[in-house]
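Summary of structural features
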Amino acid sequence: MDEKTEELRDIFMDVADGETVTEEQEASRGSLADRGDVADRLAGVVQQLRERYDFRTDLDDEALCTLVRRFHAGETDTDIAEALDVSRHTVFRARMDLHLLRDADLDAPFDLPQLRDRLERGEAVAEVADDLDVSASTVRRYRDAVAARDESRAANDRYRDEFASILGDADITGTLTEQVKQTGLQDATEDAEPESNVQF
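In this report, the structure presented in the accompanying data block is examined. (Residues numbered from 1 in each chain as written. Predicted model: local features only at pLDDT ≥ 70, side-chain atom pairs only at ≥ 80, totals over all residues. Heavy atoms only, no water.)

Within this structure, the stated rule accounts for 17 salt bridges. We note a salt bridge from aspartate 97 to arginine 56, for which the minimum N-O separation is 3.6 Å. With a gap of 41 residues between them, aspartate 97 in helix H6 (residues 88-97) and arginine 56 in the loop between helix H3 (36-52) and helix H4 (61-72) connect regions that are remote in the sequence. Taking the relative accessible area as the measure of exposure, aspartate 97 reaches 7% and is therefore buried. Taking the relative accessible area as the measure of exposure, arginine 56 reaches 33% and is therefore partly exposed. The partner of glutamate 123 in a salt bridge is arginine 121, and the shortest N-O contact between them spans 3.1 Å. Look at arginine 121 and you get exposed, because its relative accessible area is 59%. Each of Asp77, Arg95, Arg102, Asp105 and Arg141 takes part in a single network of salt bridges with overlapping partners. (Salt bridge = Lys/Arg side-chain N within 4 Å of Asp/Glu carboxyl O. Helix = DSSP H or I, 4+ residues; strand = E, 2+ residues; numbered from the N terminus. Buried < 20%, exposed > 50% of the residue type's maximum accessible area, 1.4 Å probe, protein only.)

So, on to the side chain of aspartate 97. A polar atom in the side chain of aspartate 97 sits 2.9 Å from the backbone nitrogen of arginine 56. Setting aside chain neighbours within four positions, we find aspartate 97 in contact with Leu49, Asp54, Phe55, Arg56 and Thr57. (Polar contact = N/O pair within 3.5 Å; in protein donor to acceptor, adjacent residues only side chain to side chain. Contact = heavy atoms within 4.5 Å.)

Grouped together as the largest cluster of nonpolar side chains are 26 residues, with contacts concentrated most on Leu42, Leu49, Leu67, Leu98 and Phe163. Only H3, H4, helix H5 (77-84), H6 and helix H10 (158-190) provide two or more residues apiece to this core. Apart from the residues within four sequence positions on either side, leucine 49 is in contact with Phe55, Asp97, Leu98, His99, Tyr159 and Phe163. Within the second largest apolar cluster, 11 residues are counted, among which are Ala108, Leu112, Leu115 and Val139. (Core = buried A, V, L, I, M, F, W, Y, C linked by side-chain atoms within 4.5 Å.)

Take the environment of alanine 126 next. Along the chain, alanine 126 falls in helix H8 (residues 125-132). The exposure class assigned to alanine 126 is partly exposed, which follows from its relative accessible area of 45%. Considered as a pair, alanine 126 and alanine 136 are 10 residues apart in the sequence and their alpha carbons are 5.4 Å apart.

The end-to-end C-alpha distance of helix H9 (residues 136-154), which contains 19 residues, comes to 27 Å, matching closely the 27 Å that a straight helix rising 1.5 Å per residue would cover. Among all positions in H9, only Val139, Tyr142, Asp144, Ala145, Val146, Ala148, Arg149 and Ser152 are buried. Packing partners of the buried residues in H9 comprise H6, helix H7 (112-120) and H8. Just past H9, the residue asparagine 156 takes up positive phi, approximately 55 degrees. (Expected span 1.5 Å × (residues − 1).)

Between H7 and H9, the least distance of the axes is 10 Å, while the angle of their chain directions is 95 degrees. When the axes of H7 and H9 are compared, the pair comes out roughly perpendicular. The residues of H9 that touch H7, namely those facing Leu112, Leu115, Arg116 and Leu119, are Val139, Tyr142, Arg143, Val146, Arg149 and Asp150. Looking at the contact of H7 with H9, its residues break down into 6 nonpolar, no polar and 4 charged. (Axes fitted to C-alpha atoms, helices over the stretch in contact; angles between N-to-C directions. Parallel < 35°, antiparallel > 145°, perpendicular 65-115°, else oblique. Nonpolar A, V, L, I, M, F, W, Y, C, P; charged D, E, K, R; others polar.)

Another aspect to go through is the packing of aromatic side chains. In this structure the tally under the stated criterion is 2 aromatic pairs. Judged by centre distance (6.3 Å) and plane angle (85 degrees), the ring pair of tyrosine 53 and tyrosine 159 falls under edge-to-face. Placement of the pair is tyrosine 53 in the loop between H3 and H4 and tyrosine 159 in helix H10, with a sequence separation of 106 residues. Of the residues examined, tyrosine 159 reaches a relative accessible area of 3% and is grouped as buried. The cationic tip of arginine 141 hangs over the ring face of phenylalanine 92; the distance from NZ or CZ to the ring centre is 3.9 Å. (Phe/Tyr/Trp six-rings, centres within 6.5 Å; stacked < 30°, edge-to-face > 60°. Lys NZ or Arg CZ within 6 Å of the ring centre and 35° of its normal.)

Assignment of secondary structure puts cysteine 65 in helix H4. Sequence spacing of cysteine 65 and aspartate 40 is 25 residues, and the spatial spacing of their C-alpha atoms is 9.4 Å. Ignoring sequence-local partners within four residues, the contact set of cysteine 65 consists of Ala39, Leu42, Ala43 and Val46.

Limitation: the analysis is restricted to geometry and does not speak to function.
The following block contains the structure:
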């Protein structure tokens, strides 16, 4: 090979950190959110929550980690329910277990502190629902959301923030990895000039 080709080869090898692109390297392109270390970290936070609080669904850790990922990807409860083959109600309850609240979860058409006070005094859900002119399931949903918010606040939002940090770090690292690859290949080719005297 000529001098220019050899120089390009050396630059490519530096960027690729090896002579060939292996299947493992090719499979790991993109976001690091699919790598085992991220999955292990998510599962670790789920386990911490399990040890501290009572979970109300029977979803296993793998399903809960999938829920966390999809929640942070902006999917709706309906989308997540379809992916996990469960009901939206199950997804909602699992989100509350994991302290993953949406703004709409606390956007009630009535006063939430008053709702909490009445339920804590022992008033029946059906009675409160009649007074508020909503369904009993609506009262239970907001009750659960308030309880999850209070749990999360009591823990300084630790678990919610850890989920966000793990997935945020993975996205950033994946983006940077792709940028480094693109920049390296750009550097390797920007000074290359096509041979003008190519013989066929």
